[in-house]
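Chain and residue survey
Now for the letters of each chain:
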Amino acid sequence: VDQHVAQSYIQLNQYRLMEEIGMGSYGIVKLAYNEQDKNLYALKVLDKMKLMKKFACFRRPPPRKSKPQQVQRDPLQQVHREIAILKKLSHPNIVKLVEVLDDPSDNYLYMVFEYVERGSVLEVPTNNPLSEEMAWNYFRDIVRGLEYLHFQKIVHRDIKPSNLLLSETGQVKIADFGVSSEFEGLDAFLSGTAGTPAFMAPEALTEDSSFFYSGRAQDIWALGITLYALEHPWVTRGGTCPMPSELDNCHLVTVTDEEIENCVRVIPRLDTLILVKAMGHRRRFGNPFRHSPTSSSLRIR
Ligand SMILES: COc1ccc(C(=O)/C=C\Nc2cc(OC)c(C(=O)O)cc2Cl)cc1
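Residues numbered from 1 in each chain as written. Predicted model: local features only at pLDDT ≥ 70, side-chain atom pairs only at ≥ 80, totals over all residues. Heavy atoms only, no water.

Let us now look at the nonpolar core. Leu89, Met111, Ile174 and Phe177 are the most contacted members of the largest nonpolar core, which totals 43 residues. Of all the elements in the fold, those that place two or more residues in this core are strand E4 (39–47), helix H2 (75–88), strand E6 (108–114), helix H3 (132–151), strand E8 (164–166), strand E9 (172–174) and helix H4 (215–231). Ranked by the residues each element gives to this core, the list is headed by H3, at eight residues. Ignoring sequence-local partners within four residues, the contact set of methionine 111 consists of Ala42, Leu43, Lys44, Leu46, Glu82, Ile83, Leu86, Leu97 and Glu99. Counting 10 residues, the second-largest nonpolar core is a separate cluster that includes Leu12, Tyr15, Tyr41 and Tyr110. (Core = buried A, V, L, I, M, F, W, Y, C linked by side-chain atoms within 4.5 Å. Buried < 20%, exposed > 50% of the residue type's maximum accessible area, 1.4 Å probe, protein only. Helix = DSSP H or I, 4+ residues; strand = E, 2+ residues; numbered from the N terminus. Contact = heavy atoms within 4.5 Å.)

The next subject is the sheet that holds strand E3 (residues 27–34). Across the sheet, six strands lie side by side as E1-E2-E3-E4-E6-E5; this open sheet has antiparallel pairing. Both edges of this open sheet fall to strand E1 (10–12) and strand E5 (97–102), since each of them pairs with a single strand only. In this sheet, neighbouring strand axes are inclined to one another by 35° on average, regardless of whether the strands run parallel or antiparallel. Sheet analysis places E5 next to E6, joined by five bridges and oriented antiparallel. Looking across to E6, one finds that valine 100 is bridged to methionine 111. (Pairing = 2+ DSSP bridges. Axes fitted to C-alpha atoms, helices over the stretch in contact; angles between N-to-C directions.)

With that settled, consider the side chain of arginine 157. One can find arginine 157 in the loop between strand E7 (154–155) and E8. No salt bridge is formed by the buried arginine 157. Its closest oppositely charged neighbour is aspartate 219, at 6.8 Å. A polar contact of 3.4 Å, which involves the side chain of arginine 157, links it to the side chain of serine 181. Excluding residues that lie within four positions of it along the chain, arginine 157 makes contacts with Val179, Ser181, Leu190, Ser191, Gly192, Thr193, Ala194, Gly195, Tyr213 and Asp219. (Lys, Arg positive; Asp, Glu negative; His and termini not counted. Salt bridge = Lys/Arg side-chain N within 4 Å of Asp/Glu carboxyl O. Polar contact = N/O pair within 3.5 Å; in protein donor to acceptor, adjacent residues only side chain to side chain.)

Written as structure tokens, this is what we have:
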């Protein structure tokens, strides 16, 4: 820990906040040293005011009929939903929420997570791109994490390499439940878009938000694109997330315009039964729920 000792730092309860280790649309993640248990943690800092403003701007008069009715959730409520989901979860391939520091008088809300030492799998130095064996090891961890999530009736909705954290021992943990949803019954009936376009299944990209699609199959699709991205560093251009348009051009056009077989060809390593079965849904897309969604459930054959 001593190499992290900063000269001037912010003290938050027993946590000494140190350098920033991650950032995104959600805010920033700081490294934090817990002076009681002498451990390091990842502290996700959320600016409540910024979240409220973001929501306020969505309160504009309802958009013109032609624009899809985007159901905008109050981001602060969404954060509490995310926290409620994370508190239920306990699995080696899901990042662990340790505690939440939410002082009503403080503009910031702090989510304390376990420190996953090597950060996002994408940022891992890519001078030696992932070997196929490494990519499959990561894939296996993600499948186990996702299978557990779906079993707990939660769809993640934003599976992609930058949301996958790598531990010291090379274990992958799924993070960022900022757009995840809980469901009842066998699957989530989703409409509208959430997540990252390049990793979204064709039916989730439809403009028509009266369209409902399977949340579980959508996660499995994103899993497929993620494995492709992990194995083809050129897609991630050496460590940054693929540009949606870039991956769209070389990828989703193929999927939407051509037969499923071609699609499996586009993601050659993914001729696993899981993906073909999940995509099998798409071919008979008219009524994806005609088949029990478990047929696209996660099982390693
Ligand atoms: C190089 O060393 C590094 C070690 C750890 C990190 C790191 O942890 C980064 C992000 N972390 C997180 C992000 C999350 O969302 C966006 C969530 C969540 O909301 O679930 C949880 C965590 Cl932990 C970075 C670099």
